[in-house]
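# Breakdown of the fold
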Amino acid sequence: MDLSSKNDTYNSYTIIPSFDEIVSFKNLFASWREFRKGKSRKEDVAEFELRLIPHLLSLHRDLASGSYRHGGYVHFKVNDSKPRDIHKASVRDRVVHHAVYRALYPYFDQRFIFDSYSCRNDKGTHRALDRFSSSARKEGLNHTRTVWVLKCDAKKFFASINHEVLVAMLRPHIRDTRLMAILREIIDSFSSDDDTRGIPLGNLTSQLLANVYLNPLDHYIKRTLHAQHYIRYADDFVILSAQKEYLKEVFPPIADFLSNNLRLSLHETTPVLRTVASGIDFLGWVHFIDHRVIRRKTLVKMRRAFSLNAFPETIASYLGMLSHGNTARLRDELFNLLDYDIIEA
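Throughout, residues of each chain are indexed from 1 in the direction in which the sequence is written. pLDDT decides what is reported in this predicted model: residues at 70 or higher carry local features, side-chain atom pairs at 80 or more are listed and counted, and totals for whole chains, interfaces and linings draw on all residues regardless. Excluding hydrogens and water, the side-chain figures rest on all heavy atoms present in the structure.

Turning to unusual backbone geometry, a few remarks are in order. The backbone of Asn142 shows a phi angle near 55 degrees, a positive value even though the residue is not glycine. Strands here mean DSSP runs of E at least two residues long; helices mean DSSP runs of H or I at least four residues long; both are numbered from the N terminus. Its location among the elements puts Asn142 in the loop between helix 6 (125-139) and strand 3 (148-153). The residue Arg263 is not glycine, and still its phi comes out positive at about 55 degrees. Tracing the backbone shows Arg263 in the loop between helix 11 (244-262) and strand 6 (273-275). Three labels apply to residues, based on accessible area from a 1.4 Å probe with only protein chains included: buried if under 20% of the type maximum, exposed if over 50%, partly exposed otherwise in between. Accessibility expressed as a relative area gives 53% for Arg263, which makes it exposed.

Written out as structure tokens, the structure reads:
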């Protein structure tokens, strides 16, 4: 069986590939090619590539023999919507992350609910924003009744993911003890404030494991609490309903489920309910009944980036964000802040 890349069609997969396929040289080489995209000029990537075949053969031997051990991380901070701690693994370990991700993503993705949007093929921020708008229209019967929104997020989510809870979730699906041992190496390679909690934001596998971790919550809210309009992106989630009392009633069991089953807590201690008409801040945008506007803090950062002629990647990222709304006038304003020579370059 040839492993599919994360961008390929995956609907035909119903089982996890064998351990030998996952750690094969063929899969490691394909994982390297995926990992390398856009990183070829990085010093550590270029050094790894100088002795690519010996590096991959050595990695294959360590994985196959059970002697693979995950290394440490390089820590740095980024500041986008809020300050974040990023931990970067070595190139060798990141190739392993890609190899594991390629094998597990198709299997687990089929078990996620439709309205989980973070780090999934054919999902993402844009589709989550559109889903919010369509859910508001449906629940509001085309704007003929008031729609209330319960918005929640987990406190220090990535830093609070419990290793033992996560491993217990994975075990029923991953029967091969050798594959489970590699996953434990990845999971236990990082901790936040003790040895039992936390996964790093920088790992590709963390994106998948975060969705696995919150999948029980998704199914609980959809199947047990019967939320019709529920949308989750990472640890941010909203429930839309015309019944204000329903949203008040489901808040305590959601908080209890997170605490008892996932050992997480919400930022909110009491339900904060707002109407769509008053504006709902979700995924960088403030949503209203028939339109959405960019969050004020994001707009300030955006104007500063354009006026200071920030890196092209930063400009491109902001322009991608602006494509999610009616922002033609704002884009014209921002382009006028750019230096002409930089635009031409």
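That was the structure; now back to the text.
So, about the sheet that holds strand 8 (residues 285-287). When DSSP locates at least two bridges between a pair of strands, those strands are taken to pair. In space, the three strands of this open sheet follow the order 7-8-9, with antiparallel pairing throughout. The sheet is open, and its two edges are formed by strand 7 (280-282) and strand 9 (292-294), each paired on a single side. For this sheet the average axis-to-axis angle between neighbouring strands, irrespective of direction, equals 30 degrees. As judged from the three bridges shared by strand 7 and strand 8, these two strands associate in the antiparallel manner. Among the inter-strand pairings, Ile280 is bridged to a residue of strand 8, identified as His287. For helices, the axis comes from a line fit to the C-alpha atoms of the stretch in contact; other axes are also lines fit to C-alpha atoms, and the angle between any two N-to-C directions lies between 0 and 180 degrees.

What follows deals with the packing of helix 2 (residues 25-36) against helix 4 (residues 52-65). Look at helix 2 against helix 4: their axes get within 10 Å of each other, and the N-to-C directions meet at 125 degrees. In terms of axis orientation, helix 2 runs oblique to helix 4. With respect to the hand of their crossing, helix 2 and helix 4 are arranged in right-handed fashion. Residues Phe25, Leu28, Phe29 and Trp32 of helix 2 lie in contact with helix 4, whose contacting residues are Leu52, Ile53, Leu56, Leu57, Leu59, His60 and Leu63. Residue polarity is assigned by list, with Asp, Glu, Lys and Arg as charged and Ala, Val, Leu, Ile, Met, Phe, Trp, Tyr, Cys and Pro as nonpolar; anything else, Gly included, falls into the polar class. Of the residues in the contact of helix 2 with helix 4, the class split is ten nonpolar, one polar and no charged. Comment on the angle field: the value is read as roughly parallel under 35 degrees, roughly antiparallel over 145, roughly perpendicular from 65 to 115, and oblique elsewhere. Handedness of a crossing is defined here by the sense of rotation of the near helix relative to the far one, left-handed for an anticlockwise turn of less than a right angle and right-handed for a clockwise turn. Pairs of residues are marked as contacts when any of their non-hydrogen atoms sit within 4.5 Å.

Another point: the pairing of strand 5 (residues 236-241). For strand 5, a buried count of five out of six residues is recorded, marking the element as mostly surrounded by other parts of the structure. With six bridges joining them, strand 3 and strand 5 adopt antiparallel strand pairing. Its bridge partner lying in strand 5, Val149 is registered against Leu240. Hairpin remark: strand 4 (residues 229-233) followed by strand 5, antiparallel, with two residues in the connecting loop; positive phi at Ala234, about 55 degrees.

What follows covers helix 2. Along its twelve residues, helix 2 runs 16 Å from first to last C-alpha, staying within 8% of the 16 Å computed at 1.5 Å per residue. What helix 2 keeps buried is the set Asn27, Leu28, Ser31, Trp32, Glu34 and Phe35. Around the axis of helix 2, the buried residues are gathered within 165 degrees of arc, so they sit on the same side. Set apart from the buried face of helix 2 by more than 90 degrees, the exposed residues are Lys26 and Arg33. Expected helix span is given by 1.5 Å per residue-to-residue step, counting one fewer step than there are residues. By definition, the arc is the one covered by directions from the helix axis to the C-beta atoms.

For the rest of this paragraph, the subject is the environment of Val100. Mapped onto the secondary structure, Val100 falls in helix 5 (residues 91-109). Its relative accessible area of 4% is what places Val100 among the buried residues. Along the primary structure Val100 and Ile186 are separated by 86 residues, whereas in three dimensions their C-alpha atoms are 9.9 Å apart.

Once that is clear, we can look at the pattern of salt bridges. Throughout this description, the term salt bridge denotes a Lys or Arg side-chain nitrogen within 4 Å of a carboxyl oxygen of Asp or Glu. Here the structure, examined in full by the defined rule, presents 16 salt bridges. Linking Glu139 and Arg145 is a salt bridge whose minimum nitrogen-to-oxygen distance equals 3.7 Å. Taking relative accessible area as the criterion, Glu139 reaches 8% and is therefore assigned buried. The exposure class of Arg145 is partly exposed, given its relative accessible area of 36%.

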